[in-house]
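Residue strings, one per chain:
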Amino acid sequence: MHYNLRKFDFIKLSRYFFLFSIAITVLGVITLAALGMNYGVDFRAGSSMDLAVQKNLQDQKEEIQSFLDEQNLGRYTLTVGAERVSIRFDDILTDQEEQQLKQGFADTFDPKASAEVYTVDVQMARELQTNAMMAVALASVGIIIYVSIRFEWRFAVAAIVALLHDAFIVISLFSILRLEVNLPFIVAVLTIIGYSINDTIVIFDRIRENMRFAKLKSKEDIAALVNESIWQTMTRSINTVATVFVTALCVFLFGGESIKLFSLAILFGLVSGAYSSIFIASPLWLVLKNKQKPKTPANTQTAG
Amino acid sequence: MNRMLAFILIVVVTFGAVAVTSPGLVRDINLGLDLKGGFEILYEAEPLEPGGEVTKDSLNETARSLESRINSTGVTEPEVVTEGDNRIRVKIAGVANEAELRETLKRPAELTFRSMRGCAPEAGFCKVELVGSDFVENGANVEQDSLGGSKITMKLKSASKFAEITREIARLPLGQNQLAIYLDEEQLSAPSVSGEINSSSAEITGGYTREEAKKIADIINLGALPLKLTERYTQSVGATLGQLSLQQTVFAGILGSAIVLLFMLVFYRLPGLVASISLIAYIWLLLVGVWLMEVTLTLPGIAAVILGIGMAVDANIITYERIKEELRSGKSILSSLKAGSRNSFRTIMDANVTTIIAGSVLYMIGTGAVKGFAVVLIMSIIISIITNVGYSRLLLYLLIRSNIIKNKALFGVKESEIRAL
């Protein structure tokens, strides 16, 4: 069965995958520029209140709204679910306002409501964001150095492109779907980067190993070798992404409410990570490799 | 046969350790506020008076006074830490009157010197004679007194005011002629005044230990330059909601792990069984690690652990796929195991070292949740290498060397796929 499927040539079709990824990236850039991210309170000053309620208040949405209007707390958005009521305030609630609101809600609607409140100051939020971006940039430099030493710089460049691709795809998807971005989202993007690099390195390692024993005469030989390496690691790629996907899916479906968006980001990233390792990173390495001057084909053999 | 016994023994010991220690382990792990309820506040400190500056000492002193104020309300184990140059993070689990406590915490610590002048006998020290700003900034020091104890020296801004106060107090009957030092409502010390002190510098003696004297001097210095605290970030989680999140996420984790174990068993057969045993050991060791490193497990932290389970399986999958390839090429089971283990080891190390590099960078420059995540990530990779490479290979090696396993189908390799060597 494997052998029939292996006729599928990733290299010949790679330009379509490049185009596909570029299209998504451009779309992402446009949405990000036009709409930006839907920042939650972690990244935008304001307060958010989540109430776990024991009774279903969905048909009381208007009452809740008028209750909130009475409190006079500025602009807010209200979501009423079966077990959960979420309110996002554009302004920061003072602790008195927060207490009053909690108490008032419990008295009026559900005495057993249990609340979760976040308040973040703008300055803190910006600091967190810059900090995370710095972290990603520095981590990329570290990975480039390590992969350049262990493999060669072309692998490092291809791996970093794949990694940034994955991070960007997830950020774009969250922007396009207008999903809320909070601190756990940053942690999710960081997890994806870790996973993506892991996935890419496994395929690169196989390419490097095959290069060592191969007699490569033409560009076609290298292309065939890359294709073969991708196929040799295919079962592993599928099985690994399947197991991680299943665990992330369980957290998404059954985990706590506040972790749902986190696991959704991970799910997006997993798919993108598996895709980019196979369809972007490996063909990209080949493109870089083919640009190499033909007189030094033995270069990579010493890199291990 | 001995190897088979060794295999069984190792598995029994592992499961025994897991079964015996797990309940205690789960109970002792620090849970974040989002899982047990409570609140967290990040304060930024600014000098109350313009022109002042926030020093390391004044920040530490403010943190100490916050802690003692929280303790005085009977809350158990508040966590108060300073961050950077001017921040203090406070974490408190389960408080009944949150609003009141937050209000108290925000108020700058108030230093007062009080006397019993004109007070009713039962009122104690009711008259405030001096406040923090009457003292010269950083004017309080600790010196050795003639008896080998420690005394506190301090400087006042106005000598005449101090002269008047001390003159009046010295006139009071013995036992009432005291000038007590208060931080908020807590009495730190109540030295007696024996006569008028017409000077801008004064000293308090009374056989203090060096630590006691240092503490009072610090408070007087801080009192002269109190810090204003602003809430920069607050998070408050109801206890019920926290527990609900914990239950749901743990359930998701157990379900996810069970599916992964089942998948490994079905797809990889015998090695899959070994992988399942290793995964249980991995989860257990990870919990031990979290407990030993005193990591506070938050909701994203638990999610990272669950994802780590998925990623830890990867080491096993890489190895087993490699062994299967070797088996298909016609090698014997033992030499397939050796070649497969050797070839996959380099791959696993390269993949994991790159992830550790990413994790270390996050640890070094990340703050708060990002840092916590990095710790769990690095720890889970190291433990994954120990269990899913070392331990898992030992078990598989013992099984195969026991010469009981002869059938390649136990590795999920079909007879038809095997090529002649």
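Residues numbered from 1 in each chain as written. Chains lettered and ligands numbered in written order. Predicted model: local features only at pLDDT ≥ 70, side-chain atom pairs only at ≥ 80, totals over all residues. Heavy atoms only, no water.

### As for the UniProt feature "transmembrane region" (unreviewed entry) in chain A
Residues and elements named next belong to chain A. Operational definition: UniProt positions are given in the numbering used here, feature names are shortened, and annotations may be inferred rather than shown by experiment. For the purposes of this entry, the term helix denotes a DSSP run of H or I that reaches at least four residues, the term strand denotes a run of E that reaches at least two, and both are numbered from the N terminus.
In the numbering used here, UniProt assigns the "transmembrane region" (unreviewed entry) feature to residues 16-41, 132-149, 156-177, 183-204, 237-255 and 261-288. When the span residues 156-177 is considered, its composition is 95% helix and 0% strand, and the gap between its end C-alpha atoms is 32 Å. Between the C-alpha atoms that bound residues 183-204 the distance is 32 Å, and the span itself is 100% helix and 0% strand.

### With respect to the interface of chain B and chain A
Defined as follows: Throughout, a residue-residue contact means that at least one pair of heavy atoms, one from each residue, lies within 4.5 Å. Two parts placed together each lose some accessible area; with a 1.4 Å probe, that loss summed over both constitutes the buried area. Here, a salt bridge means any Lys or Arg side-chain nitrogen found within 4 Å of an Asp or Glu carboxyl oxygen. Under this definition, polar contacts are N or O atom pairs within 3.5 Å; protein pairs additionally need one hydrogen-donor-capable and one acceptor-capable atom, and for neighbouring residues in sequence, both atoms have to be side-chain atoms. Basically, the charged four are Asp, Glu, Lys and Arg, the nonpolar ten are Ala, Val, Leu, Ile, Met, Phe, Trp, Tyr, Cys and Pro, and anything else, Gly included, counts as polar.
In this assembly, 65 residues from chain B lie in contact with 70 residues from chain A. Both faces considered, chain B and chain A share a buried interface measuring about 5900 Å² in area, 62% of it formed by carbon and sulfur atoms. Across the chain B-chain A interface, the total number found is seven salt bridges. Run the count over chain B and chain A and you get 10 residue pairs in polar contact (both at pLDDT 80 or more). When contributions to the side of chain B that touches chain A are tallied by element, the ones reaching two or more residues are strand S1 (38-47), helix H4 (98-106), strand S11 (227-237), helix H7 (239-292), helix H8 (299-328), helix H9 (333-365) and helix H10 (368-401) of chain B. When the residues that make up the side of chain B that touches chain A are grouped by side-chain class, the tally is 33 nonpolar, 17 polar and 15 charged.

### A closer look at the domain arrangement of chain A
We count it as follows: As used throughout, domain bounds are those supplied by an automatic or database domain assignment.
Its domain assignment divides chain A into domain 1 (14-37 + 124-290) and domain 2 (46-120). Centre-to-centre, using C-alpha coordinates, domain 1 of chain A lies 39 Å away from domain 2 of chain A.

### Let's talk about the sheet that holds strand S10 (residues 201-208) of chain B
All names here are of chain B. Defined as follows: DSSP calls a pair of strands paired once it identifies at least 2 bridges connecting them. Helix axes are fitted to C-alpha atoms over the stretch in contact, other axes to C-alpha atoms as well, and angles between N-to-C directions run from 0 to 180 degrees.
Spatial ordering of the open sheet is given by S6-S7-S10, a layout of three strands whose pairing is antiparallel. Looking along the sheet, the strands with just one partner apiece sit at the ends: strand S6 (141-144) and S10. Strand-to-strand twist of the sheet, defined as the mean angle between neighbouring strand axes without regard to direction, takes the value 30°. As paired elements, S6 and strand S7 (residues 150-155) share four bridges and run antiparallel to each other. Counterpart to Gln 144 in the pairing with S7 is Ser 150.

### Thoughts on the layout of surface pockets
One way to see where empty space is left: roll a probe the size of a water molecule over the atoms. Residues and elements named next belong to chain B. Put simply, the rule is: Cavity means a closed set of points on a 1 Å grid over the protein atoms alone, one where a 1.4 Å probe fits but cannot get out, pocket means an open set with protein on both sides within 12 Å along at least 5 of 7 lines, and lining means a residue has an atom within 4 Å of a point. Grid points are joined across faces, edges and corners, and a volume is the space filled by probe spheres set on the points.
In this structure, the second largest pocket encloses a volume near 690 Å³. Lining the second largest pocket we find 23 residues, and of these Val 26, Val 250, Ile 254, Ile 283 and Leu 287 sit closest to its centre. Only helix H1 (2-28), H7 and H8 provide two or more residues apiece to the lining of the second largest pocket. Ranked by the residues each element gives to the lining of the second largest pocket, the list is headed by H7, at 13 residues. Grouping the constituent residues of the lining of the second largest pocket by class yields 19 nonpolar, four polar and no charged.

### Details of the side chain of B:Asp314
Stated precisely, the cut-off is as follows: Burial status follows relative accessibility: with a 1.4 Å probe on protein chains alone, a residue under 20% of its type maximum counts as buried, one over 50% as exposed, and anything between as partly exposed.
Position of B:Asp314 relative to the elements: it lies in helix H8. Its relative accessible area of 4% is what places B:Asp314 among the buried residues. Looking at B:Asp314, its side chain comes within polar contact range of the side chain of A:Thr240, at 2.5 Å.

### Let's talk about the sheet that holds S11(B)
If you trace the eight strands from one edge of the open sheet to the other, you get S3(A)-S4(A)-S2(A)-S5(A)-S11(B)-S1(B)-S3(B)-S2(B), paired in antiparallel fashion. The open sheet has two edge strands with one neighbour each: strand S3 (76-80) of chain A together with strand S2 (79-83) of chain B. The mean inter-strand angle of the sheet, taken between neighbouring strand axes irrespective of direction, is 20°. Two strands pair when backbone bridges link them, and strand S2 (residues 46-52) of chain A and strand S4 (residues 84-89) of chain A are joined in this way by six bridges, in the antiparallel orientation. When the bridges of S4(A) are listed, A:Asp50 appears paired with A:Ser86. Contacting S1, strand S3 (87-93) and S11 of chain B, H4(B) runs over the sheet at an angle of about 20° to S1(B).

### A few points about the packing of helix H6 (residues 153-176) of chain A against helix H7 (residues 183-213) of chain A
Residues and elements named next belong to chain A. For clarity, the cut-off: Note on convention: the crossing is left-handed when the near helix lies turned anticlockwise from the far helix by less than a right angle, right-handed when the turn is clockwise.
Look at H6 against H7: their axes get within 9 Å of each other, and the N-to-C directions meet at 145°. Crossing angle aside, the handedness with which H6 passes H7 is right-handed. Mapping the contact onto sequence places Phe 155, Ala 158, Ala 159, Ala 162, Leu 163, Asp 166, Ala 167, Val 170, Ile 171 and Phe 174 in H6 and Phe 185, Val 189, Ile 192, Ile 193, Ser 196, Ile 197, Thr 200, Phe 204 and Ile 207 in H7. Residues belonging to the contact of H6 with H7 are distributed by class as follows: 16 nonpolar, two polar and one charged.

### Some words on the packing of aromatic side chains
All names here are of chain A. Put simply, the rule reads: For Phe, Tyr and Trp, rings pair up if their centres lie within 6.5 Å, where Trp contributes its six-membered ring, and each pair is then called stacked (planes under 30 degrees apart), edge-to-face (over 60) or tilted (otherwise). Each ring is checked for a lysine NZ or an arginine CZ that lies within 6 Å of its centre and within 35 degrees of its normal; such an atom marks a charge sitting over the ring.
Counting across every chain of the model gives 21 aromatic pairs over all chains. Ring plane angle 75° and centroid distance 6.4 Å describe the contact between Phe 17 and Tyr 275, whose orientation is recorded as edge-to-face. Placement of the pair is Phe 17 in helix H2 (residues 14-35) and Tyr 275 in helix H10 (residues 260-291), with a sequence separation of 258 residues. Phe 17 sits in the buried class, given a relative accessible area of 18%. Taking relative accessible area as the criterion, Tyr 275 reaches 17% and is therefore assigned buried. Relative to Phe 109, the ring of Phe 105 has its centre 5.1 Å away and its plane inclined at 45°; by these criteria the two rings are tilted. Between the NZ or CZ atom of Arg 208 and the centre of the ring of Phe 151, over which it lies, the distance is 4.1 Å.

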